[in-house]
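Each chain, written out:
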Amino acid sequence: MTSHNPEPGTTRPNVILILADDMGFADLGCTGSEIQTPNIDALARGGVMLSAMYNCARCCPTRASLLTGLYPHNAGVGHMGANLGTPAYQGFLRNDSATIAEHLRASGYATLMSGKWHVAGDFEPRSVDSWRIGDVEHPTPRQRGFDRFYGIMDGATHFFSPHYMLEDDSRVETFPDDFYFTDAITHKAIGMIEGAVAEEKPFFLYLAHTAPHWPLHAHPGDIAKYDGVYSKGWDQIRTARHETMNGKGVFQRGWDISPRDNTVHGWEQEKNQDWEASKMATYAAMVDRMDQSIGTLVAALKRLGQFENTLILFLSDNGGCAEFMAEDGWAKFYPDRTHDGKQITMGNVTGLRPGDARTFQSYDKPWANVSNAPFRL
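Remember, predicted model here, so these are calculated numbers, not experimental data.

Moving on, we get to the sheet that holds strand β7 (residues 310-316). The mixed open sheet is built from seven strands, whose spatial order is β5-β4-β3-β2-β6-β1-β7. In this open sheet, the two strands that pair with only one neighbour each are β5 (170-172) and β7. Ignoring strand direction, the axes of neighbouring strands in this sheet form an average angle of 15°. As paired elements, strand β3 (residues 148-152) and strand β4 (residues 165-167) share two bridges and run antiparallel to each other. Its bridge partner lying in β4, Tyr150 is registered against Glu167. Set on the sheet, helix α2 (residues 59-68) makes contact with β1 (14-20), β2 (110-116), β6 (203-208) and β7; between it and β1 the angle comes to about 170°.

Attention now moves to empty space enclosed by the protein. A full pass over the atoms with the stated rule returns two cavities of 30 Å³ or more. Roughly 40 Å³ of internal volume is contained in the largest cavity. Classifying every residue of the lining of the largest cavity gives six nonpolar, two polar and no charged. Estimated volume of the second largest cavity: approximately 30 Å³. As for the second largest cavity, its lining consists of Trp234, Asp235, Arg238, Arg260, Val264, Pro366, Asn369 and Val370.

The next point concerns the pattern of salt bridges. By the definition in use, this model includes 23 salt bridges. Here Glu167 makes a salt bridge to Lys188, at a shortest N to O gap of 3.2 Å. Of the two residues, Glu167 is situated in strand β4 and Lys188 in helix α5 (residues 181-198); the sequence distance between them amounts to 21 residues. Through salt bridges with shared partners, a single network forms among Asp21, Arg63, Lys116 and Asp317.

In this section: the pairing of β3. Counting buried positions along β3 yields four of five residues, so the element is predominantly enclosed. Judged from the five bridges that link them, β2 and β3 form a sheet pairing that is parallel. Across the sheet, residue Lys116 finds its bridge partner in β3, namely Ile152.

Turning our attention to a nonpolar patch on the surface. Side chains of Val48, Leu50 and Met53 sit close together on the surface and give an oily, nonpolar patch of about 350 Å² of accessible area. If you trace the backbone, Met53 turns up in the loop between α1 (38-45) and α2.

As a further point, take the confidence of the model for the protein. Scored by pLDDT, the protein has a mean of 94; 97% of the residues are at 70 or more. Note that pLDDT drops below 50 for residues 1-6; the model gives that stretch nine contacts with residues more than four away or on any other chain.

Take unusual backbone geometry next. With an omega of 0°, the peptide bond between Ala211 and Pro212 qualifies as cis. Residue Pro374 is reached from Ala373 by a cis peptide bond, and omega for that bond is 5°. Along the polypeptide, Pro374 turns up in the segment after α9 (364-371). A positive phi angle, close to 65°, is found at His118, a residue other than glycine. Relative to the helices and strands, His118 resides in the loop between β2 and β3. Judged by its relative accessible area of 12%, His118 is buried. The phi dihedral of Asp364 is positive, around 80°, even though this residue is not glycine. Note that Asp364 resides in helix α9.

Let us look at the nonpolar core. In this structure, Ile16, Phe203, Leu205, Tyr230 and Trp367 are the most contacted members of the largest nonpolar core, which totals 60 residues. Taken together, the elements giving at least two residues each to this core come down to β1, β2, β3, α5, β6, α7 (234-248), α8 (273-303) and α9. With 14 residues, the single largest contributor to this core is α8. Those residues within four positions of Tyr230 in sequence are excluded, and the remaining contacts are Glu34, Ile35, Ile237, Arg241, Trp267, Ala277, Met280, Ala281, Ala284 and Trp367.

Before going further, it helps to examine α2. Of all ten residues making up α2, nine are buried, and the element is well covered by its neighbours. Among the residues making up α2, those that are buried are Cys59, Cys60, Pro61, Thr62, Arg63, Ala64, Ser65, Leu67 and Thr68. At its buried positions, α2 is contacted by β1, α3 (72-75), α4 (100-106), β2 and β6. Of the residues one or two after α2, Gly69 is the one with positive phi, at around 75°.

Looking at the secondary structure, you find Leu315 in strand β7. In sequence terms Leu315 and Pro215 are 100 residues apart; their C-alpha atoms lie 20 Å from each other. If we ignore the near neighbours within four places in the chain, the residues touching Leu315 are Leu17, Ile18, Leu19, Ala20, Met53 and Leu66.

Now for the side chain of Asp22. In this structure, Asp22 sits in the loop between β1 and α1. Here Asp22 sits buried without a salt bridge, and the closest side chain of opposite charge, Lys116, lies 5.7 Å off (N-O distance).

For the rest of this paragraph, the subject is the state of the cysteines. Following the criterion strictly, the structure yields zero disulfides and no others. With no disulfide of its own, Cys56 lies 10 Å from the sulfur of Cys60, the closest cysteine sulfur. Judged by its relative accessible area of 27%, Cys56 is partly exposed. With no disulfide of its own, Cys60 lies 6.0 Å from the sulfur of Cys59, the closest cysteine sulfur.

How each quantity is defined
- Residues numbered from 1 in each chain as written.
- Predicted model: local features only at pLDDT ≥ 70, side-chain atom pairs only at ≥ 80, totals over all residues.
- Heavy atoms only, no water.
- Pairing = 2+ DSSP bridges.
- Helix = DSSP H or I, 4+ residues; strand = E, 2+ residues; numbered from the N terminus.
- Axes fitted to C-alpha atoms, helices over the stretch in contact; angles between N-to-C directions.
- Contact = heavy atoms within 4.5 Å.
- 1 Å grid on protein atoms, 1.4 Å probe; cavity = no way out; pocket = protein on both sides within 12 Å on 5 of 7 lines; lining within 4 Å.
- Points joined across faces, edges and corners; volume = space filled by probe spheres on them.
- Nonpolar A, V, L, I, M, F, W, Y, C, P; charged D, E, K, R; others polar.
- Salt bridge = Lys/Arg side-chain N within 4 Å of Asp/Glu carboxyl O.
- Buried < 20%, exposed > 50% of the residue type's maximum accessible area, 1.4 Å probe, protein only.
- Patch = residues over 30% accessible without salt bridge, like charges linked within 9 Å, V, L, I, M, F, W, Y side chains within 5 Å.
- Areas by Shrake-Rupley, 256 points an atom, 1.4 Å probe, with all protein chains shown as cover.
- pLDDT = per-residue confidence, 0-100.
- Core = buried A, V, L, I, M, F, W, Y, C linked by side-chain atoms within 4.5 Å.
- Lys, Arg positive; Asp, Glu negative; His and termini not counted.
- Disulfide = S-S within 2.5 Å.

What follows is the structure, given as structure tokens:
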């Protein structure tokens, strides 16, 4: 942005940056997936798909780099959220870096954010009353250039019952019965856009999804669309995605697929096939719902007469997540009750179908290996 005042007769473009969370390269229809993503596919058809792009392999380093245009260490998030005692590894955005929102706000843009922040230090999800939101080690989006914010400060949340949500500078304490995080952040983002359009300001929207990051939570109707789809198992699905990918010419040449991860057994050896298939069906439903919400966003842009003047970027912060959700692993850091008091069964309990608010599971390494086809890790 060089000019604060555009030339007469020109309109500065709006920019929307949509970031998926822990979604693999092969999880979209346009890159070979069986998951239904017609809205993202349409954006890809109408634009440019970049098939050789690099991220920083973990959530918050990628986010810090994306927000500042710097290597993550120069932005203060060389690893994750913990402060390891040096400016490169302090776990929150450095003050000697500027965010894109700070630059664009100075240039007259409305700067809007909805979703996951995760560049503000470490947080303990089970002890939210001790959080120090907005202090020097826990900067909020509003302290780093965003006019509006709705979402979470940390790296993951329960999709039906978040442990801590912020709207601008105030904590959100009550949630409607039909609350679902993916839907909510899109709805709030559309409201923010409507406000910017009413003020006749160009806008920058950072729509940072937590889908399809664990926990595996999705609407029953979305999960039902994928019932039986994954009963063929991870080997067949991975092969089918790769063949579709090469058939579509996604890469500049037909890539061979990497061998199945050497710590993953073949589908034929899997004793709990129904349960494993249900995990991937729930993951697919989360991607599907994110795509539906992007369709809702695009429809709103068209209704407001903004679609043709908006640059939309879609990317993922890293590949599919191979983490096993052990009861005494990641799960122990998150609340084991919903806000309305329901007990959550924490962790990947064999045979317990994931998806509803009383579960807290991950889809694990075999399916992450599918998401990341044709790549090795």
